[in-house]
There are 2 protein chains.
Amino acid sequence: MSEQRQIGVTELVLRDAHQSLMATRMAMEDMVDACADIDAAGYWSVECWGGATFDACIRFLNEDPWERLRTFRELMPNSRLQMLLRGQNLLGYRHYEDSVVERFVDKSAENGMDVYRVFDALNDPRNIAHAMQSVKKAGKHAQGTICYTVSPLHTVEGYVHLAGQLLDMGADSLALKDMAALLKPQAAYDVVKAIKDAYPGTQINVHCHATTGVTLVSLMKAIEAGADVVDTAISSISMGPGHNPTESLVEMLEGTPYSTDLDYDRLLKIKDHFAEIRPKYAQFMSSITGVETEIFKSQIPGGMISNMESQLRQQGAGDRLKEVLEEVPRVRKDAGYPPLVTPSSQIVGTQAVFNVLVGQYKTLTAEFADLMLGYYGKAIGDPNPKVVEIAKKQTGKEPITDRPADLLEPEWDKLKDEAAALEGFNGSDEDVLTYAMFPGVAPGFFTARPEGPKNVGTDPEAAKAASDPNAPGARALNEPIKYSVTVNGKATTVAVEPA
Amino acid sequence: MSEQRQIGVTELVLRDAHQSLMATRMAMEDMVDACADIDAAGYWSVECWGGATFDACIRFLNEDPWERLRTFRELMPNSRLQMLLRGQNLLGYRHYEDSVVERFVDKSAENGMDVYRVFDALNDPRNIAHAMQSVKKAGKHAQGTICYTVSPLHTVEGYVHLAGQLLDMGADSLALKDMAALLKPQAAYDVVKAIKDAYPGTQINVHCHATTGVTLVSLMKAIEAGADVVDTAISSISMGPGHNPTESLVEMLEGTPYSTDLDYDRLLKIKDHFAEIRPKYAQFMSSITGVETEIFKSQIPGGMISNMESQLRQQGAGDRLKEVLEEVPRVRKDAGYPPLVTPSSQIVGTQAVFNVLVGQYKTLTAEFADLMLGYYGKAIGDPNPKVVEIAKKQTGKEPITDRPADLLEPEWDKLKDEAAALEGFNGSDEDVLTYAMFPGVAPGFFTARPEGPKNVGTDPEAAKAASDPNAPGARALNEPIKYSVTVNGKATTVAVEPA
């Protein structure tokens, strides 16, 4: 047997695992005791920060996300800390002007971040480039990301082309990100192999969710094709809409020409720690626990389906889900086949609901109109010109072909002034950035911050309030954000949520 | 790409899937509506009968298992019906004399069985041979089974040797049976490849549980090595201590040189049917839902651990589980490294509990003594001679090297007479066999049979009684069977249950 090739592992338990399985509610308090073992287990990196964890910190947990980052840095001095960065959107839901992007990267680097996985929901490299450049400038690891999806336009060659564009930006590594568990074993092999062949020596990290039950096989095939690092979550916070278990990956490789070199005793300690923590968050647990393969047919992530169901029930149209599920692929096609990931999944899904309820493109959400007009960037396919015409007519806006962020004026000083006017603002650039990301939530957080962290897992009252949809400030990340649209003089409320 | 190789699939939902996930409680009533879709989906075979389903039928469901078989036959005229047969034990817990084995095979064949997967818990070919011969004589498909386990004595060569012995018996195919989810991908590849190389053209079926999270990868590797048929369960009754999802297998193979040729629309209908049924059996569901990889270290199946925990708690020694877990591998070694599967798992596990509670081999259970003395057959290794001496001394019995069933007198007439004396006996050979398999349960069943099937999933009262450990006749298959042993004048009660 030839010499073993060592496979790196990114542990997801501190970010995507609890985001996917327990609505991002895990408090820092429930992670700290695992950090020493995580730090010593031998991971390639530890993912611990991203949009939803940042949001949940200030919305539900009264935790300063920057403080959380500093604590991780202190508790895991030997680890590469990794975050997920939504390119020009940073951790928010709009495009930011370049100087804000740069400040964000600088400040997060200063507070301890090492690896930036930078992606764009449309795979538009123009939305990724400036963040990548900022990461390089800060001397940190810039990981260019390919969002994996399936459509008549998506090909292995296309992914290789995007890989090349990301490498041209100076990417230190590439991530193949499969947010909907659509990456089948052969495709995993083909994409990784083709990128490795085209760009020998490139480090490739593979991120899969477990939802469809096949992606541990996909990780095996990706490894056989040359993948260098794969993402997993410790078994006690794994599976379902989450990720493949770290321990299963280790065991899977036994006897093969690949090995992880992780410390198994440490893994068992990490597992035991989170097995004990998990029940505290039972009320936030995903209702999807098994395997869901219908995603392959519909290409609609599970979270998006349950959201659309709830939208339809609110409209007294709970029986029309099937029509909506059939409408989603048509809307996605008209939008040029974007990957379905935040925010494109919400935008496409909500428009599909509108089409079924009020007639096809009789009314567009502001977000869908912007998507059709290029204000989110460019998807792989061209938008349907007929729908673009409707979007122009409805909004009075013209389509753009520029990089969306090029239309923005410098905004740092304005954000700083607005943040400075808020009660509880601490004067730091970090606080300005918190406000910039979540202007609706940050003011309340700044005021409440002195009260200290609130663990919604242990405090039954807080847990109850957070799960009560009528309680103020209790809107779960998984609960709908409501849109109100007037159609033919009749008000229609539609709710969307992150998929 | 070379031509696709078609992979057969055995659907487990009607037997092992609900046995593993819902304590074998699914009523025939809840299966019939899925049978047309199962029959038309294109499976290689449909597993639908075995020891635990037979037992549950007469113990909990007041269903005649022979009637269940005839109904399956009628509802699935195009399918190969498959059963799991415990060799010379048939569906019971003792060895039967050869003519009983032959009768059982004849009668089940007559009632509709097609494929007999014949195994022995010790992998002793002498316990398999007569059942195989009976199946051949009945003109049915005889599948010789290798129980997969891991020990210092188990090697690829050893499995190939056993494969040869099974083929010498006239096996129409071989099954590699991984009851504890211990079969890792590389081992799956190596074992299947070696058997295929040694015996070209041999059909190999692979059966894995999902517990450790790695075995869908093992199925992929087994297929790459030449496996012909793999076992899966429809996704809505899959995962955890159950099996890999059928739909995930289909999707896994897309784009590879292998294909299942299953009808996906039928699979979705089967899935939906059982997704609707599943909640009715919530009170019987396995508490293990996630992935459990510690089995690889301890080699102790999850069900066995929870059973030993309960044994220890009953003795006020709940804190000594760790000692017992460390004792199990030693006891297994002393017994010659048997695979841990019913009944060897219970026998070894209970002895380990005894060793910890009353001192190493200070007292032996009657079953463990018999195991050490050869009355269950021969494991791969020799039993520890010191422990054999203790067994001789305690029981006054001599070790045997003969095939255990050779010691049995013809017993059919006696069984027939005993059965005939029971109230409600219907005069058929099937009833004699029911009595022969479960002499403790059959009498009550024969009496109650006219009342007709009892669905413990739908009838809340029956469900309550069945889950109440104090209710008469309510002993769950997963609940302990109590042994009473007197040590130094002190009575000790120990409970064992099927793992």
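Every chain is numbered independently, its residues counted from 1 as its sequence is written. As they are written, the chains are lettered A onward and the ligands numbered 1 onward, keeping that order. A pLDDT threshold of at least 70 governs which residues receive local features in this predicted model, and a stricter bar of 80 or more applies before side-chain atom pairs are shown or counted, although totals over entire chains, interfaces and linings include all residues.

Draft legend 1. The overall build of chain A, seen in detail. Tallying secondary structure elements over chain A gives 21 helices and twelve strands in all. A compact globule built from 499 residues should have a C-alpha radius of gyration of about 23 Å, and chain A, at 22 Å, falls within 12% of that. Its C-alpha atoms give chain A principal-axis dimensions of about 70 × 55 × 45 Å. With C-beta atoms placed from the backbone, a residue is buried if 20 or more other C-beta atoms are within 10 Å of its own, exposed if 12 or fewer are, and partly exposed between those counts. Burial status across chain A gives 56% buried among its 499 residues. Counting from the N terminus, the helices are the DSSP runs of H or I reaching at least four residues and the strands are the DSSP runs of E reaching at least two. The atom set for the radius of gyration is the C-alpha atoms, and the globule formula is 2.2 Å times the number of residues raised to the power 0.38.

Draft legend 2. Summary view of the relation of the copies chain B and chain A. The two copies are related by a screw motion: chain B maps onto chain A through a turn of 180° and a shift of 0.0 Å along the axis, at an RMSD of 0.0 Å. Given the turn and translation reported, the copies of this chain are related as if by a two-fold rotation axis. Among all residues of chain B, the minimum C-alpha distance to the rotation axis is found for Val217 of chain B, at 2.5 Å. By the criterion used throughout, residues are in contact when their C-beta atoms, derived from the backbone, lie within 7 Å. When the interface residues of chain B are mapped onto chain A, 100% of them are again interface residues, pointing to one common binding face. Superposing the copies works by least squares over the C-alpha atoms of residues that have pLDDT at least 70 in both of them.

Draft legend 3. Spatial organisation of the interface of chain B and chain A. Tallying the contact residues gives 27 residues for chain B and 27 residues for chain A. Per-element accounting of the side of chain B that touches chain A gives the leading share, four residues, to helix H10 (residues 246–252) of chain B. Residues are sorted three ways: Asp, Glu, Lys and Arg are charged, Ala, Val, Leu, Ile, Met, Phe, Trp, Tyr, Cys and Pro are nonpolar, and all the rest, Gly among them, are polar. Residues of the side of chain B that touches chain A, tallied by class, amount to eleven nonpolar, twelve polar and four charged.

Draft legend 4. Quick peek at helix H6 (residues 129–137) of chain A. Of the residues making up H6 of chain A, those classed as buried are Ala129, His130, Ala131, Met132, Ser134 and Val135 of chain A. A positive backbone phi angle near 75° is found at Gly139 of chain A, which sits one or two residues after H6 of chain A.

Draft legend 5. Here's a closer look at the pairing of strand S8 (residues 204–208) of chain B. Residue and element names in this part refer to chain B. A large share of S8 lies buried, amounting to five of its five residues. The two faces of S8 match: Ile204, Val206 and Cys208 on one face and Asn205 and His207 on the other face are all buried. Any two strands between which DSSP finds at least two bridges are classified as paired. With five bridges joining them, strand S7 (residues 173–178) and S8 adopt parallel strand pairing. Of the residues in S8, the one forming a bridge with Asp178 is Cys208. The β-α-β motif built from S7, the intervening helix H8 (residues 185–198) and the parallel element S8 has right-handed crossover chirality. Two elements, S8 and strand S9 (residues 229–232), share two bridges in a ladder whose sense is parallel. Counterpart to Val206 in the pairing with S9 is Val230. A right-handed crossover is one whose linking path, passing over the helix from the first strand to the second, runs clockwise when the strands point away from the viewer. In this view, the connection linking S8 to its parallel neighbour S9 by way of helix H9 (residues 215–224) has right-handed handedness.

Draft legend 6. Representation of the pairing of strand S6 (residues 141–147) of chain A within the structure. All names here are of chain A. Of all seven residues in S6, six are buried, a share of seventy percent or more. The sheet contact formed by strand S5 (residues 115–118) and S6 spans four bridges and is parallel. Counterpart to Tyr116 in the pairing with S6 is Ala142. Once the chain exits S5 it traverses H6 before rejoining the sheet at S6, and the crossover so formed is right-handed. The pairing of S6 with strand S7 (residues 173–178) spans five bridges and is classified as parallel. The partner of Cys147 across the bridge, within S7, is Lys177.

Draft legend 7. Up close: the environment of Val46 of chain A. If you trace the backbone, Val46 of chain A turns up in strand S3 (residues 45–49). Residues contacting Val46 of chain A, with those up to four places away along its chain left out, are Glu11, Leu14, Ile38, Met76, Ser79, Arg80, Leu81 and Gln82 of chain A.

Draft legend 8. Spotlight on the packing of helix H18 (residues 412–420) of chain B against helix H19 (residues 429–437) of chain B. All names here are of chain B. Geometry is summarised by axes, namely lines fitted to C-alpha atoms with helices restricted to the contacting stretch, and by angles between N-to-C directions that run from 0 to 180 degrees. Running from N to C, H18 and H19 cross one another at 95°; their axes reach a closest spacing of 9 Å. As far as their axial angle goes, H19 and H18 are roughly perpendicular. Packed against H18, whose contacting residues are Leu415, Lys416, Glu418 and Ala419, the element H19 presents Asp431, Val432, Tyr435 and Ala436 at the interface. Residue composition of the contact of H18 with H19, by class: five nonpolar, no polar and three charged. Roughly parallel here means an angle under 35 degrees, roughly antiparallel means over 145, roughly perpendicular means 65 to 115, and every remaining angle is called oblique.

Draft legend 9. Geometry of the sheet that holds strand S8 (residues 204–208) of chain A. All names here are of chain A. Taken in spatial order, the eight strands line up as S2-S3-S4-S5-S6-S7-S8-S9 and close into a barrel, and their pairing is parallel. For this sheet, the mean angle separating the axes of adjacent strands, direction not counted, is 25°. As paired strands, strand S2 (residues 8–11) and S3 are joined by two bridges and run parallel to one another. Directly across from Thr10, in S3, lies its bridge partner Ser45. Along the sheet face, helix H8 (residues 185–198) touches S7 and S8 and points at about 160° away from the line of S8.

Draft legend 10. Seen up close, helix H19 (residues 429–437) of chain A. All names here are of chain A. Burial of H19 is extensive: eight of the nine residues sit out of reach of the surface. All of the buried residues along H19 are Glu430, Asp431, Val432, Leu433, Thr434, Tyr435, Ala436 and Met437. Packing partners of the buried residues in H19 comprise helix H3 (51–59), helix H4 (65–75), helix H5 (98–110), helix H18 (412–420) and helix H20 (442–448).

Draft legend 11. Region of the structure containing the sheet that holds strand S6 (residues 141–147) of chain B. All names here are of chain B. Spatially, S2-S3-S4-S5-S6-S7-S8-S9 is the arrangement adopted by the eight strands of the closed barrel, whose pairing is parallel. Strand after strand, the sheet turns through a mean of 25° between neighbouring axes, direction not considered. Here three bridges tie strand S3 (residues 45–49) to strand S4 (residues 81–85), and the two strands are oriented parallel to one another. Counted as the bridge partner of Trp49 is Met83 from S4.

Draft legend 12. Structural detail: unusual backbone geometry. A positive phi angle, close to 50°, is found at Ala23 of chain A, a residue other than glycine. Position of Ala23 of chain A relative to the elements: it lies in the loop between helix H1 (13–21) and helix H2 (32–40). Positive phi is not limited to glycine here, since Thr24 of chain B has a value of about 65°. In this fold, Thr24 of chain B is placed in the loop between helix H1 (13–21) and helix H2 (32–40). Of the residues examined, Thr24 of chain B has 26 C-beta atoms within 10 Å and is grouped as buried.

Draft legend 13. Up close: the confidence of the model for chain A. In this model, chain A carries a mean pLDDT of 90, and residues with pLDDT of at least 70 account for 91%. Each residue carries a pLDDT score, the predictor's own confidence in it, on a scale running from 0 to 100. This stretch, residues 467–499 of chain A, has a pLDDT under 50; its non-local contacts, to residues over four places away or in other chains, come to 71 contacts.

Draft legend 14. The environment of Val388 of chain A, seen in detail. Residues and elements named next belong to chain A. Tracing the sequence through the fold places Val388 in helix H17 (residues 385–395). Its 17 C-beta neighbours within 10 Å are what place Val388 among the partly exposed residues. Each C-alpha atom of the pair Val388 and Ala138 lies 40 Å from the other, and the pair is 250 residues apart in sequence. Not counting residues up to four positions away in its chain, the partners in contact with Val388 are Met372, Leu373, Pro383 and Pro399.

Draft legend 15. Focus on the environment of Val341 of chain A. Residue and element names in this part refer to chain A. Note that Val341 resides in the loop between helix H14 (321–334) and helix H15 (344–358). When the C-alpha positions of Val341 and His95 are compared, they lie 16 Å apart, and in sequence the two are 246 residues distant. Not counting residues within four places of it along the chain, the set of residues in contact with Val341 comprises Ala121, Cys147 and Met179.

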